[in-house]
Amino acid sequence: MTTVHINTSHPYDILIGSGLLDQAGERMAQVISPCKILLVSDSNVAPLYADRAEASLKKAGYAVSRFVFPAGEASKTIDTYIQLLEACACAELSRSDALVALGGGVTGDMTGFAAATYLRGIRFVQIPTSFLAAIDSSVGGKTAVDLKAKKNHVGAFWQPSLVLCDPDVFQTLSDAIFADGVAEAVKYSMIADADLLTLLEQHRIEEDIEQVVTRCVEIKRDVVTEDEFETGGRRILNFGHTLGHAVESYSDFSLTHGQAVAIGMMMIIRASEKRGLCGSEILPRMEAVLTSYGLPTVCPYPPKELYKIATGDKKRRGGRIGVVFPRQVGVCEIIDRPVEDLLALIEEGIG
Ligand code: GLY
């Protein structure tokens, strides 16, 4: 087992290792004394893992109730969030009680936001069950739900008390959902760690899952502890995401987040190569690693439509946008560009 300490305003540990799901109660008891717990999960994950998590929590002395919502991004709404708050009230949770999020990013983000706001803030623990959630949404303290027109538009910064990541549970993920995490892992290698890309190229991630999760979590830790409240440096995490979000949105979410980010990374690398910002060795390496996990690398959508979506992106500030350009594997740079340049970037990235 590996421990990654996150030194944010409310410090916490991320434990990564096989078997942690069944140790949830004893591990949690080291940071939160036995109390009432509302275990939050979705309709896909609860049948697979909620009984095991609940048994471990009860064995450690916690009184557990459950809130299970329909799986999918469509549930990440104010309505579900309010139902979750009502469930907290029905379970008579007080400020000394806690929430446990057992699931992927939707579960973690929504539970975190409920924890941030119920009784003006109670503790919560994350047990991510997808590779993507383990290396992305579980780290960093941003919690949110979606509005109809905007994803993640209502939320709070609220750090968990503990994150328990048991990679054994990734075995029930479909290849496509596992690949969503692969796209983020590749992103981390591009922004911070050339050796990680070499590792991803030389081994199947499944063989080194604990090592890969740990390295990705450490990279995100380094970024978010420098910029806990997202005032600048965190934007480096948007590598491949500015164009990727437009691709995801234009596809009407028929592409997964990871598929869209894979395309977005390839587009910005192509454009950067054309502008002389990076060498030509990156593109074939990225293409090989992404396609080996079934991720797409070519954008099938019209540039002008993507541009319209991308310029409506919330990251835009007064007609300029910080675009994350690759310089070499492991090194990216945020360069402030006029929003109009996005059209040229998209065209260069597609062609
Ligand atoms: N919870 C995800 C983040 O803070 O980036």
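Above this note sits the structure.
Criteria and thresholds
Residues numbered from 1 in each chain as written. Predicted model: local features only at pLDDT ≥ 70, side-chain atom pairs only at ≥ 80, totals over all residues. Heavy atoms only, no water. Helix = DSSP H or I, 4+ residues; strand = E, 2+ residues; numbered from the N terminus. Rg over C-alpha atoms; globule rule 2.2 N^0.38 Å. Contact = heavy atoms within 4.5 Å. Core = buried A, V, L, I, M, F, W, Y, C linked by side-chain atoms within 4.5 Å. Buried < 20%, exposed > 50% of the residue type's maximum accessible area, 1.4 Å probe, protein only. Pairing = 2+ DSSP bridges. Axes fitted to C-alpha atoms, helices over the stretch in contact; angles between N-to-C directions. Near = heavy atom within 4 Å. Polar contact = N/O pair within 3.5 Å; in protein donor to acceptor, adjacent residues only side chain to side chain. Areas by Shrake-Rupley, 256 points an atom, 1.4 Å probe, with all protein chains shown as cover. Nonpolar A, V, L, I, M, F, W, Y, C, P; charged D, E, K, R; others polar. Expected span 1.5 Å × (residues − 1). Phe/Tyr/Trp six-rings, centres within 6.5 Å; stacked < 30°, edge-to-face > 60°. Lys NZ or Arg CZ within 6 Å of the ring centre and 35° of its normal.

Undergrad: What should I look at first to understand the overall build of the protein in this one?
TA: On a plain count of helices and strands, the protein comes out with 13 helices and 11 strands. Its C-alpha radius of gyration of 20 Å places the protein within 12% of the 20 Å reference for a compact globule of 351 residues. When the backbone C-alpha atoms are referred to their principal axes, the protein occupies close to 60 × 40 × 35 Å. Counting only contacts in the protein whose residues sit at least 6 apart along the sequence, the fraction spanning at least 24 positions is 74%.

Undergrad: Just checking my understanding: could you explain the nonpolar core for this structure?
TA: The tendency in soluble globular proteins is for nonpolar side chains to be buried side by side. Core analysis: the largest hydrophobic core is formed by 100 residues, its most contacted members being Met-28, Phe-131, Phe-170 and Val-213. The element that contributes the greatest number of residues to this core is helix α10 (residues 257-274), accounting for 10 residues. The contacts of Phe-131, once residues within four sequence positions are left out, are Phe-170, Leu-173, Phe-178, Gly-181, Val-182, Ala-185, Ile-205, Ile-209, Val-212 and Val-213.

Undergrad: Would you explain the sheet that holds strand β3 (residues 36-42) in this entry?
TA: Consider a sheet: its strands pair through backbone hydrogen bonds, and that pairing is either parallel or antiparallel. Here 7 strands make up an open sheet; going across it, the order is β1-β2-β9-β6-β5-β3-β4 and the pairing mixed. At either margin of the open sheet sits one strand with a lone partner, and together these are β1 (2-6) and β4 (63-69). This sheet shows a mean twist of 20° between the axes of neighbouring strands, independent of strand direction. Note that β3 and strand β5 (residues 98-103) share 5 bridges and pair parallel. Residue Leu-39 lies in a different strand from β5, and its bridge partner there is Val-100. Helix α2 (residues 45-59) rests against β3, β4 and β5 of the sheet, and its axis sits at about 165° to β3. Across the face of the sheet, helix α8 (residues 209-226) comes into contact with β1, β2 (12-16) and β9 (162-165) while running at roughly 10° to β1.

Undergrad: Would you mind going over the site of the ligand with me for this structure?
TA: Taken together, Asp-136, Ser-137, Val-139, Gly-140, Gly-141, Lys-142, Lys-220 and Arg-234 make up the full set of residues adjacent to the ligand. The backbone of Lys-142 places a nitrogen or oxygen atom 2.8 Å from an oxygen atom of the ligand. Between the ligand and Arg-234 there is a distance of 2.9 Å, counted from an oxygen atom to a side-chain nitrogen or oxygen. In isolation the ligand has 190 Å² of accessible area, and contact with the protein removes 91% of it. When its residues are assigned to classes, the shell around the ligand shows 1 nonpolar, 3 polar and 4 charged.

Undergrad: Teacher, can you tell me more about α10 here?
TA: Along an α-helix, residues three or four apart share an orientation, since each turn contains 3.6 residues. For α10, with 18 residues, the first-to-last C-alpha span of 26 Å sits near the 26 Å given by 1.5 Å per residue. With 16 of 18 residues buried, α10 is to be regarded as a mostly interior element.

Undergrad: Before we go on, may I ask you to explain the packing of aromatic side chains in this structure?
TA: The tally for this structure, following the rule as stated, stands at 6 aromatic pairs. For the ring pair Phe-131 and Phe-178, a centre distance of 4.9 Å and an interplane angle of 20° mean the geometry is stacked. Taken together, the residues Phe-131 in helix α5 (residues 131-135) and Phe-178 in helix α6 (residues 175-192) connect sequence positions 47 residues apart. Since its relative accessible area comes to 0%, Phe-131 is described here as buried. Look at Phe-178 and you get buried, because its relative accessible area is 9%. We note Lys-187 situated over the ring of Tyr-188; from NZ or CZ to the ring centre the distance is 4.9 Å.

Undergrad: What is the right way to look at the pairing of strand β11 (residues 331-338) in this model?
TA: When a strand is regular, its side chains alternate between the sheet's two faces. In this structure, strand β10 (residues 320-328) lies alongside β11, joined through 8 bridges in antiparallel fashion. Bridge assignment links Arg-320 to a residue of β11, and that residue is Pro-338. Taking the residues between adjacent antiparallel strands as the criterion, β10 and β11 are bridged by 2 residues, where Gly-330 takes a positive phi near 95°.

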